[in-house]
Amino acid sequence: MTTVLMCRRSLIAAGGSFLATGLPGLLSLARAEGLAPTPSMSGGANNYRKGAPIVDRIGKGGFWMSGTVRRSGDGAPLAGQRIQIWAHTTEGQEHELQSHGATLTDKNGGFRLEMPQIVPVFGQPHGHLAYDSGEFHTVFLRPVMRSAKDKSLEAHFILQPV
Amino acid sequence: MRVARATLIWAALVAAICAPIAFAAASPLHAWRGSVYIIAGFAGIFALALVLLQPLLIGGYLPGLPGYRGRRAHHWIGVVLAVAVAIHVGGLWISSPPDMIDALLFSSPTPFSTWGVIAMWAIFAVTILAALRRKVGLSPSTWRLAHMVLAVIIVVGGVVHSLLIEGTMETMSKAALCALTLAAAIKVMIDRRVWRRRATSRGGNLSKG
C-alpha cells in the first residue's frame, strides 16, 4: 500500500481486497476485482530440476504444453516469464535431463512449448510446470490429462509478487 | 463329474489371474518404463491376484486344497503377498522417490495412493500378527476379529487402488479380477459368518457346529 507507483487497475484491486478484508460479505466482489494467486499443487515439484535450459522444443516434440501467466490482483499478463516444463514422455522419464525444458511467455503472458507425448506414470498421465525465477513466489503445477491420448495440456499461473 | 468341476474351477481361476497379467504384459507403456518400474508394476498386479486367492484358499473352495491344505497355502501365500507388496513399493520408490514418499505420507495428489498405502499397512499388520499371535498369546476370537477387519481393509483398499490407476492393466480384465476378489471375500465371510463372536479357531463350519 505504500507503493507510490500505482495504476488505476491495481488501485481498484487494492480497494477491492481492502473491502474484502473489512467486509467478508463483499468477498464475491473482491474475487471479481482481485485475482488470487495460484497455489502450488501437491506433487507438483516432484522430480524438479533447477535451471532447465530454455529450448525451442523438448526432444522430438508432437505434444503441446501451453498456458498463461498473469499477476495476482489485477490479472495483468506477464511477459518474458520463464516457465519450466517436465514430464514422463515417450522419450524419457520425469527425472531425466532430456525430459526438462523451459520457455518464456510472450507479450500476452502466453506460453507454448512442444515436447514429446506425455504417457501415464504413477497412475496418471500428467505434466509438471514450475515458475521459479524469484520475482514472484515460486509455483509448481501438476495438471492431469483428461485422456492419455490427448495431444496437449494446459496450465495457468497467477503469480504473486515477492 | 467331480473332475470336470474341479478342472473348470481351476481353469476359471487361472484365466482370471493370467488374463490381466497377460494384458498388462502387452501394454505399450512398458516401452517407456525402466525395468525396476516394470517389475514394481507387475508385483502390484501379482499381489492383487493373491488377494483373490486368499479367501478362496481359506474358504476351502479350491478343489484339491480343502481344509488344512488350503489353510497352509493361505499362510504361505500371505507371506508371498507381503513380499510382493514390499517389491511393489520398493520398486516404485527406486523409480521415483518423491512420488513414493508423497504416497507414504498421504500427501500424494493421486487418490489411489491412499487406498494402496492403507492396504499395504493392513497386509503388513496381518502378516506380523499371524506370525506373532501365538507368541503374544492372542486369543482366537481376538485374532479372528483383527484378521477380519484387516482383510476387509486389504480387499477394499487393494481393489479401489487398482481400479483408480491408469496404468498397464487393461480395463476389463482388471475390473473382472477386482469383482472376483470382492466376491470371493464376501462369500467366505458370509459362509463362515464372521460377524459371529463365537468362532472356531480351526475355521470349522459353524452352520454345522
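Residues numbered from 1 in each chain as written. Chains lettered and ligands numbered in written order. Predicted model: local features only at pLDDT ≥ 70, side-chain atom pairs only at ≥ 80, totals over all residues.

**Digging into the overall build of chain B**
So, point 1. The secondary structure content of chain B amounts to seven helices and zero strands.
So, point 2. Listed by position from the N terminus, the elements making up chain B come as α-α-α-α-α-α-α.
So, point 3. The C-alpha atoms of chain B give 18 Å as radius of gyration, which agrees with the globular expectation for 209 residues (17 Å, within 12%).
So, point 4. Across its three principal directions, the C-alpha atoms of chain B cover 55 × 45 × 25 Å.
So, point 5. Looking at the 209 residues of chain B, the share that counts as buried comes to 36%. (Helix = DSSP H or I, 4+ residues; strand = E, 2+ residues; numbered from the N terminus. Rg over C-alpha atoms; globule rule 2.2 N^0.38 Å. Buried ≥ 20, exposed ≤ 12 C-beta atoms within 10 Å, placed from the backbone.)

**So, the sheet that holds strand β6 (residues 139-141) of chain A**
Residue and element names in this part refer to chain A.
So, point 1. As summarised here, the arrangement of the four strands in space is β3-β2-β5-β6, forming an open sheet in which the pairing is antiparallel. What marks the edges here is a single partner per strand, and that holds for β3 (100-104) and β6. Neighbour to neighbour, the strand axes of the sheet diverge by 20° on average, direction disregarded. (Pairing = 2+ DSSP bridges. Axes fitted to C-alpha atoms, helices over the stretch in contact; angles between N-to-C directions.)

**As for the sheet that holds strand β1 (residues 63-71) of chain A**
Residues and elements named next belong to chain A.
So, point 1. The three strands are arranged β4-β1-β7 in an open sheet whose pairing can be described as mixed. The two strands at the open ends of the sheet, each matched to only one other strand, are β4 (110-115) and β7 (152-159). Pairwise comparison of adjacent strand axes, ignoring direction, gives a mean angle of 20° for this sheet.
So, point 2. Here β1 runs beside β4; their pairing, made up of six bridges, is antiparallel. From the neighbouring strand, Thr68 faces β4, where its bridge partner is Gly110.

**Considerations on the environment of Val194 of chain B**
Residues and elements named next belong to chain B.
So, point 1. Inspection of the secondary structure assignment puts Val194 in the segment after α7 (171-191).
So, point 2. Judged by the 17 C-beta atoms lying within 10 Å of it, Val194 falls in the partly exposed class.
So, point 3. When residues no more than four places from it in sequence are discounted, the contact partners of Val194 are Met148 and Met189. (Contact = placed C-beta atoms within 7 Å.)

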